[in-house]
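Coordinate inspection notes
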Amino acid sequence: MNIESMKLNLLEWLAQADDKSILSKLKKFRDEIEITQYEKELKKPLTGKELISRAKRSEADFRKGRVKSLDEVVKSSKIW
């Protein structure tokens, strides 16, 4: 069975699943994988081009007022 047929098979099974505990376990598993992948990305150093691109986007956001105060960030992080 190739990877595409495995995905389709799992999607069909998942679409029919109605056991909340199984779905919760799958969600937890997915979340753990995403966190691991995110942590790996954080450890990769940025290239010069990536750093400059990120700085330009940040400057543009700042100029257009797309910023939040520290108080807003702290308040929103409490509901995470």
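Remember, it's a predicted structure, so these values are computed and weren't measured experimentally.

So, on to the overall build of the chain. Each helix and strand in the chain was counted, giving four helices and zero strands. Counting from the amino terminus, helix and strand elements in the chain follow one another as α-α-α-α. Relative to a compact globule of 80 residues, whose C-alpha radius of gyration would be 12 Å, the chain shows 20 Å and is clearly more extended. The dimensions of the chain, computed from C-alpha atoms along their principal axes, are 50 × 35 × 25 Å. Relative to its full complement of 80 residues, the chain shows a buried share of 0%. If you sum the accessible surface of the chain, you get close to 8100 Å²; carbon and sulfur atoms cover 60% of it.

With that settled, consider a nonpolar patch on the surface. Side chains of Leu8, Leu10, Leu11, Trp13, Leu14, Ile22, Leu23 and Leu26 sit close together on the surface and give an oily, nonpolar patch of about 710 Å² of accessible area. Listing elements by their share of the nonpolar patch, those giving two or more residues are helix 1 (3–16) and helix 2 (20–43). Per-element tally for the nonpolar patch: the top contributor is helix 1, with five residues. Ile22 sits in the partly exposed class, given a relative accessible area of 32%.

Another point: the confidence of the model for the chain. Summing up the model confidence of the chain, the mean pLDDT is 93 and the portion of residues at 70 or higher is 100%. Mean pLDDT values over the elements of the chain span from 91, in helix 4 (residues 70–77), up to 96, in helix 3 (residues 48–63).

The rules we used
- Residues numbered from 1 in each chain as written.
- Predicted model: local features only at pLDDT ≥ 70, side-chain atom pairs only at ≥ 80, totals over all residues.
- Heavy atoms only, no water.
- Helix = DSSP H or I, 4+ residues; strand = E, 2+ residues; numbered from the N terminus.
- Rg over C-alpha atoms; globule rule 2.2 N^0.38 Å.
- Buried < 20%, exposed > 50% of the residue type's maximum accessible area, 1.4 Å probe, protein only.
- Areas by Shrake-Rupley, 256 points an atom, 1.4 Å probe, with all protein chains shown as cover.
- Patch = residues over 30% accessible without salt bridge, like charges linked within 9 Å, V, L, I, M, F, W, Y side chains within 5 Å.
- Salt bridge = Lys/Arg side-chain N within 4 Å of Asp/Glu carboxyl O.
- pLDDT = per-residue confidence, 0-100.

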